[in-house]
Amino acid sequence: MSATPSTPSTPSTPSTPSTPSTPATSAMSASPLQLVLRNAVCLLPWGKAQVDIGICHGKIAALGQLGGVPAVEVFNAQGLHILPGLMDSHVHWREPGLEHKEDMASGSAQAAIGGVTSVFEMPNTSPPTTNLELLSQKCSLAQNRCWVDYAFFLGGSAENLLSLPQWEKAPGCAGIKLFLGSSTGSLLLHEERLLAQLLQKARRRIACHCEEESRLVERKALAQAGKPETHPLWRDEASAFLSTQKLLALAKPYGARVHILHVSTEEELALLQKARAFATAEITPQHLLLSAPECYSRLGTWAQINPPLRAPRHAEALWKALHMGLFDTLATDHAPHSLEEKARPYPQSPSGMPGLATLLPLMLNQVAQGKLSLEQLVELTAHGPARVFGTRLKGRLALGYEADLVLVDLQKKQTVNTSQTRCAWSAFEGLCLQGWPVATLLRGKWVAREGSLVGKPEGLPIEFDRV
């Protein structure tokens, strides 16, 4: 790579934010800077500023006007914005056991190209990740194959719940994941007595899929053969509300830190508002952007996910809650299945859709439409996940933090095309979006440029603050 790469071919010219009254901090390392990114608008913790970023030994070593500072490589990022690399805290990579859908190498490649530099992967693989041996196996599988940094959730069950409070502290562990309603795979923990035992002992944030199992069992007959539009009738609003209500009531006496995944209903929002002292919440792009019945008539089983896509009033309420700061993280619930599997008649078709490749473009398009600010996007995809899960030195453009960065062109227009991904489909296929990632750095090294991978996979386990 040239020491002075040319400016990207189609730069946009952003409006330059006003110069802050106090100049941006610049802390110079004793070693020469390995890379300086110049002339971009950067999303710093306090807001936008046009500052240069100096990188040394994989960390942000300088922020300021660095035009005269010697560096091994200088990149002119004029016309671009630089965001912290995104952290997707809800991803299913399908390895081991389900590699025909995706594996760690193919999934992490999508992440890198899409501007996601940290991934928390879920336990419902085959076998499910339910003990330290299987967690260690996943860490070994990821070594020298992942293009981004990674951590893996341990799945909770009746068999392992007494051990989970100790295992959650293991290296490479993102925390505990609970399925309170059956979704995919065999993981399930929904009995109140067992849940209370775990909530009393666990210390890290617990990620929870909230659908009430008893109600899902009672209503299963409402899922009509060949009619995916009945999916939200089977897994209705009450299924989500009752499960979230039960979890929060059980967690509150112990101050257990729970994270409600993929919130999908208007009714859950009041519960979450009252539980802010101990509960955090996640929203997904699909629950913000897709609604029934239109999504089912247009996409069929491609729109089938758990919890379901629902009537427009829910998406409208979720947007309002987002703007009021009720959500802490925006994550994909990236859950790829093959085209052949998705073509099975409902309800034999599996639930889940891919999302890693489209997370940032979809949300940048919302920025272009004025529905979201860049600051909100960074809060939900970088600052928020880092805070909720306690990552170490990740998720901020700040001195001493790891130089995980994504360069985006807010004016670039491109059509979603996922034909080269392992599952080869997306619910957003063919949609023209404005705002795309054009380059990604992991710990100061280029890993993707203009839609192609660069170098070799050097992802490492994410480190967390221990409690």
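Since the structure is predicted, the reported quantities are computational estimates derived from the model, not experimental observations. (Residues numbered from 1 in each chain as written. Predicted model: local features only at pLDDT ≥ 70, side-chain atom pairs only at ≥ 80, totals over all residues. Heavy atoms only, no water.)

Peer 1: With reference to specific residues and values, describe the environment of Val217.
Peer 2: Mapped onto the fold, Val217 is located in helix α5 (residues 213-219). Here the alpha-carbon distance between Val217 and Val406, two residues 189 residues apart in the chain, equals 44 Å. (Helix = DSSP H or I, 4+ residues; strand = E, 2+ residues; numbered from the N terminus.)

Peer 1: So what's going on with helix α2 (residues 132-142)? Residues and values would help.
Peer 2: Restricting attention to buried positions, one finds in α2 the residues Leu134, Leu135, Lys138, Cys139 and Ala142. Here the buried residues of α2 occupy an arc of 145° about the axis, which is enough to place them on one side. The residue sitting at the N-terminus of α2 and contributing the capping side-chain oxygen is Asn131; that oxygen lies 3.1 Å from the backbone nitrogen of Glu133. Two residues or fewer after α2 comes Asn144, characterised by a positive phi angle close to 65°. (Buried < 20%, exposed > 50% of the residue type's maximum accessible area, 1.4 Å probe, protein only. Arc of directions from axis to C-beta. Polar contact = N/O pair within 3.5 Å; in protein donor to acceptor, adjacent residues only side chain to side chain.)

Peer 1: Which residues make up the pairing of strand β11 (residues 173-179), and what values go with them?
Peer 2: Summarising burial for β11: 7 of the 7 residues are buried, a large majority. Here 4 bridges tie strand β10 (residues 149-155) to β11, and the two strands are oriented parallel to one another. Residue Phe152 lies in a different strand from β11, and its bridge partner there is Cys173. Here β11 pairs with strand β12 (residues 206-209) via 4 bridges, running parallel. Of the residues in β12, the one forming a bridge with Lys177 is Ala207. (Pairing = 2+ DSSP bridges.)

Peer 1: Account for the sheet that holds strand β5 (residues 59-64), naming residues and giving values.
Peer 2: An order of β5-β4-β1-β6 is seen for the 4 strands of this open sheet, with the pairing classed as mixed. Sheet topology places β5 and β6 (71-76) at the edges, where each strand pairs with a single neighbour. Here the average twist between neighbouring strands, direction ignored, is 20°. Here strand β1 (residues 33-38) runs beside β6; their pairing, made up of 5 bridges, is parallel. Bridged to Leu37 within β6 is Phe75. (Axes fitted to C-alpha atoms, helices over the stretch in contact; angles between N-to-C directions.)

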